[in-house]
There are 2 protein chains.
Amino acid sequence: MTDFDQVLAERVKEIEKIIDGYLPPVKGKQKTILEAMDYSMKAGGKRLRPMLLLETCRLFGGREEEAAPFMAAIEMIHTSSLIHDDLPCMDNDQYRRGKKSTWAKFGEDMGVLAGDALIVEAFSAAARAFAVTEDPERVGKAIKILAEKTGIYGMIGGQVVDVELTDKPIDRDTLGFIYRLKTGALLEASMTIGAVLAGADEESCKKIGQIALDVGVAFQIQDDILDVTSSQEVLGKPVGSDVKNNKTTYVTLEGILRAREEVERLSKEALELLSLLDGRNAFLDELIRMLITRER
Amino acid sequence: MTDFDQVLAERVKEIEKIIDGYLPPVKGKQKTILEAMDYSMKAGGKRLRPMLLLETCRLFGGREEEAAPFMAAIEMIHTSSLIHDDLPCMDNDQYRRGKKSTWAKFGEDMGVLAGDALIVEAFSAAARAFAVTEDPERVGKAIKILAEKTGIYGMIGGQVVDVELTDKPIDRDTLGFIYRLKTGALLEASMTIGAVLAGADEESCKKIGQIALDVGVAFQIQDDILDVTSSQEVLGKPVGSDVKNNKTTYVTLEGILRAREEVERLSKEALELLSLLDGRNAFLDELIRMLITRER
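Just so it is clear, the structure is predicted and the values come from calculations on it, not from any experiment.

Colleague: Can you help me understand the overall build of chain A in this one?
Modeller: Looking only at helices and strands, chain A has 15 helices and two strands in total. Expected size for 296 residues packed as a compact globule is a radius of gyration near 19 Å; at 19 Å, chain A falls within 12% of this value. Seen through its principal axes, chain A has C-alpha atoms that stretch 50 × 50 × 40 Å. Contacts in chain A between residues far apart in sequence, at least 24 positions, make up 72% of those at least 6 positions apart. Carbon and sulfur atoms make up 48% of the accessible area of chain A, which amounts to about 12,700 Å² in all. Positive and negative side-chain charges of chain A, numbering 39 and 50 respectively, have mean locations separated by a distance of 3 Å.

Structure follows, in structure tokens:
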């Protein structure tokens, strides 16, 4: 474990504590769904999106207190998408991260409803930011971004195209669309919301959005690469699944060398853009470098 | 057709025009889901929630322009719940209002995603209110109410308990909980949001919330009554389905006479509370009276 890995593990714990504060207590007549939501939210994960949100907010001089409601919100949205992705009518996955997926544990109906409830709860958490902000317009803007980057022009839009093209040929252009929306949009939302909440000017918010998109797409291509080059021991999940499932990825379309070049190009662009901004956040620099060069 | 029926039909058309303005255009790579959303939103219905929202906003001197984004939002939330209710793992309904249900027409995966997208799009529409309001705090408050009354402590919470208790005995207390949350909460949201957007004081918003809950529960009990006393010709849908499905309703628990008394009591309370408020909206009075005494 490197020093950065250790710092990272600490930060993940801090973030999980913040998010926990926004999870509704598991009690009352609707206990089952609250249990399902709690189970899904506490099933682990990198907590990447809330971390990027917080660190971008800090980069522009914002406070954790202002970021917190949206950190919870973005993780809830992300979790809801995992729950619904796993449903029998979607990827039909019984397991996620070595544990039973939400529908497999709580039933398919509760899987649908828990995902729905987490989407709604995300906006409920976000709306709590009005109580801690000095500038309700910033919060309004952040809610708008959250909705746009989650919906049909963001994550869900990417998901739809991905689902529709299962087992069909995908061209370079469409693959880029899926990566930008399915993976990129929520990272874009995370970083842009962090900037908006800290009061960054429009120009900087735009640049941050571009950085996040670069990181998102590079992250996804790196995923494709690792599926070919890594091992189950290192990655913690089965490898070679893209080839097995006949799935079009950047690697199957362009080959591993060009995939590596593209990750290199995108990460260089992201880090350069980041260095041109006024503020400085060494942890954020390191985090982005790690995300792209990661081996698992 | 009475005069009021005619006025009502006109208003429904006006409301549908307003909502249409918030539906995303059906085009682009994610066209299928946009089609599914459009199909579901245009499948008819009483448009009761946006109508109550608008009329309550008017009651307190608010403008249609301010109410519009939330009128679209509340109808999108309502529609999303119908789409997900119809899914095979929920009620497994192939038809709704004589047309194919969304999943039956577009596939189960698109049914899940279209419902998700409509929840998100609702908050996207609501956030557009920031652009037309003079008071962003009101919009923030309205978004908070929308999320709370949709989520686990509102509509979805009621839905969860209803689903869990299918084919199980339900006591009076639990049935009241389901009616208040599953049917009542979204009407409560509609009317309270209308009041909040118009700048009504806290006391009035609370009273409006109570009125809406009374109307919601009375509306649901009236539904139970009509399922026993009406005919398919009048109601436009099969009757006797509660008994056939062995479903616990207010009528099966308390009998038809007490059910009628309860509707009477709730509607009297609602109309009395309404008459005690400062403003006046004759159409709203009439609408509420109609909702409760309706024969279909």
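After that view, the rundown keeps rolling.
Colleague: Sorry if this is basic, but what is going on with the packing of aromatic side chains here?
Modeller: Tallied over the full model, the rule gives six aromatic pairs over all chains. Ring centres of phenylalanine 130 of chain A and phenylalanine 130 of chain B lie 6.2 Å apart, and the angle between their planes is 25°; this geometry places the pair in the stacked category. Here phenylalanine 130 of chain A is found in the loop between helix H6 (108-127) and helix H7 (136-150), whereas its partner phenylalanine 130 of chain B is found in the loop between helix H6 (108-127) and helix H7 (136-150) on a different chain. With respect to burial, phenylalanine 130 of chain A and phenylalanine 130 of chain B carry one shared label: buried. Centre to centre, the rings of tyrosine 39 of chain B and phenylalanine 106 of chain B are 5.5 Å apart; their planes meet at 70°, and the pair counts as edge-to-face.

Colleague: Any chance you could explain the relation of the copies chain A and chain B here in plain terms?
Modeller: One chain copy maps onto the other through a rotation about an axis and a shift parallel to that axis. The transform that puts chain A on chain B rotates by 180° and translates by 0.0 Å along the axis, for an RMSD of 0.1 Å. Such a combination of turn and shift is consistent with a two-fold rotation axis. Same-surface contact between copies: 100% of interface residues of chain A are shared with the interface of chain B.

Colleague: Please clarify how empty space enclosed by the protein should be interpreted in this entry.
Modeller: The gaps left among the atoms become clear once a water-sized probe is rolled over them. Residue and element names in this part refer to chain A. According to the stated counting rule, one finds six cavities of 30 Å³ or more in the structure shown. Of the voids in this model, the largest cavity is the one considered here, and its volume is about 150 Å³. As for the largest cavity, its lining consists of 18 residues, and the residues nearest its centre are Ser40, Ala43, Arg96, Arg97 and Thr102. Sorting the residues of the lining of the largest cavity by element identifies helix H2 (31-41), helix H4 (64-85) and strand S2 (99-100) as the ones contributing at least two each.

Colleague: I would appreciate a short explanation of a negative patch on the surface in the present structure.
Modeller: Together, Asp201, Glu202, Glu203 and Asp278 of chain A give the surface a local cluster of negative charge. On the secondary structure map, aspartate 278 of chain A appears in the loop between helix H14 (256-276) and helix H15 (282-293).

Colleague: Please explain the interface of chain A and chain B as it appears in this structure.
Modeller: Taken together, the contacts link 47 residues of chain A with 47 residues of chain B. Summed over both sides, the interface between chain A and chain B buries roughly 4,200 Å², with carbon and sulfur atoms accounting for 76% of that surface. Across the chain A-chain B interface, the total number found is two salt bridges. A salt bridge links aspartate 173 of chain B to lysine 29 of chain A; the shortest N-O distance between them is 3.3 Å. Run the count over chain A and chain B and you get 10 residue pairs in polar contact (both at pLDDT 80 or more). Elements with a minimum of two residues in the side of chain A that touches chain B: H2, H6, H7, helix H8 (155-164) and helix H9 (172-197) of chain A. With 13 residues, H6 of chain A is the single largest residue contributor to the side of chain A that touches chain B. Split by residue class, the side of chain A that touches chain B holds 28 nonpolar, 10 polar and nine charged.

Colleague: Mind showing me how you'd approach a positive patch on the surface here?
Modeller: Taken together, the side chains of Lys46, Arg97, Lys237 and Arg296 of chain A define a basic patch exposed on the protein surface. Mapped onto the fold, lysine 46 of chain A is located in the loop between H2 and helix H3 (48-59).

Colleague: What is the right way to read the state of the cysteines from this model?
Modeller: Throughout this description, disulfide means a covalent bond between two cysteine sulfur atoms. What the rule picks out here adds up to zero disulfides over all chains. As a non-bridged cysteine, cysteine 205 of chain A has cysteine 57 of chain A as the owner of its nearest cysteine sulfur, 11 Å distant.

Colleague: Help me understand the confidence of the model for chain A, please; the structure alone is not making it clear to me.
Modeller: In regions of low pLDDT, the predicted coordinates are not meant to be interpreted in detail. For chain A, per-residue confidence averages 94 on the pLDDT scale, and 100% of positions sit at 70 or higher. This complex was scored by the predictor with a pTM of 0.96 and an ipTM of 0.95.

Colleague: For this particular structure, what's the right way to read H14 of chain A?
Modeller: Residue and element names in this part refer to chain A. Over its 21 residues, H14 extends 30 Å from the first C-alpha to the last, a length consistent with the 30 Å expected when each residue adds 1.5 Å. When H14 is considered as a whole, its buried residues turn out to be Ala259, Glu262, Val263, Leu266, Ser267, Ala270, Leu273 and Leu274. Down the axis of H14, the smallest arc covering the buried residues is 130°, so these residues share one side. Along H14, exposed side chains directed more than 90 degrees from the buried face belong to Leu257, Glu261, Glu264, Lys268 and Leu276.

Colleague: Looking at this structure, how should I read the side chain of aspartate 85 of chain A?
Modeller: All names here are of chain A. Tracing the backbone through its elements, the reader meets aspartate 85 in helix H4. Although aspartate 85 is buried, it makes no salt bridge; lysine 182 carries the closest opposite charge, 4.6 Å away. Within the structure, aspartate 85 has its side chain in polar contact with the side chain of glutamine 159 (distance 2.5 Å).

Reading guide: rules and limits
- Residues numbered from 1 in each chain as written.
- Chains lettered and ligands numbered in written order.
- Predicted model: local features only at pLDDT ≥ 70, side-chain atom pairs only at ≥ 80, totals over all residues.
- Heavy atoms only, no water.
- Helix = DSSP H or I, 4+ residues; strand = E, 2+ residues; numbered from the N terminus.
- Rg over C-alpha atoms; globule rule 2.2 N^0.38 Å.
- Contact = heavy atoms within 4.5 Å.
- Areas by Shrake-Rupley, 256 points an atom, 1.4 Å probe, with all protein chains shown as cover.
- Lys, Arg positive; Asp, Glu negative; His and termini not counted.
- Charge placed at Lys NZ, Arg CZ, Asp CG, Glu CD.
- Phe/Tyr/Trp six-rings, centres within 6.5 Å; stacked < 30°, edge-to-face > 60°.
- Buried < 20%, exposed > 50% of the residue type's maximum accessible area, 1.4 Å probe, protein only.
- Least-squares fit on C-alpha atoms with pLDDT ≥ 70 in both.
- 1 Å grid on protein atoms, 1.4 Å probe; cavity = no way out; pocket = protein on both sides within 12 Å on 5 of 7 lines; lining within 4 Å.
- Points joined across faces, edges and corners; volume = space filled by probe spheres on them.
- Patch = residues over 30% accessible without salt bridge, like charges linked within 9 Å, V, L, I, M, F, W, Y side chains within 5 Å.
- Salt bridge = Lys/Arg side-chain N within 4 Å of Asp/Glu carboxyl O.
- Buried area = accessible area lost by both parts, 1.4 Å probe.
- Polar contact = N/O pair within 3.5 Å; in protein donor to acceptor, adjacent residues only side chain to side chain.
- Nonpolar A, V, L, I, M, F, W, Y, C, P; charged D, E, K, R; others polar.
- Disulfide = S-S within 2.5 Å.
- pLDDT = per-residue confidence, 0-100.
- Expected span 1.5 Å × (residues − 1).
- Arc of directions from axis to C-beta.

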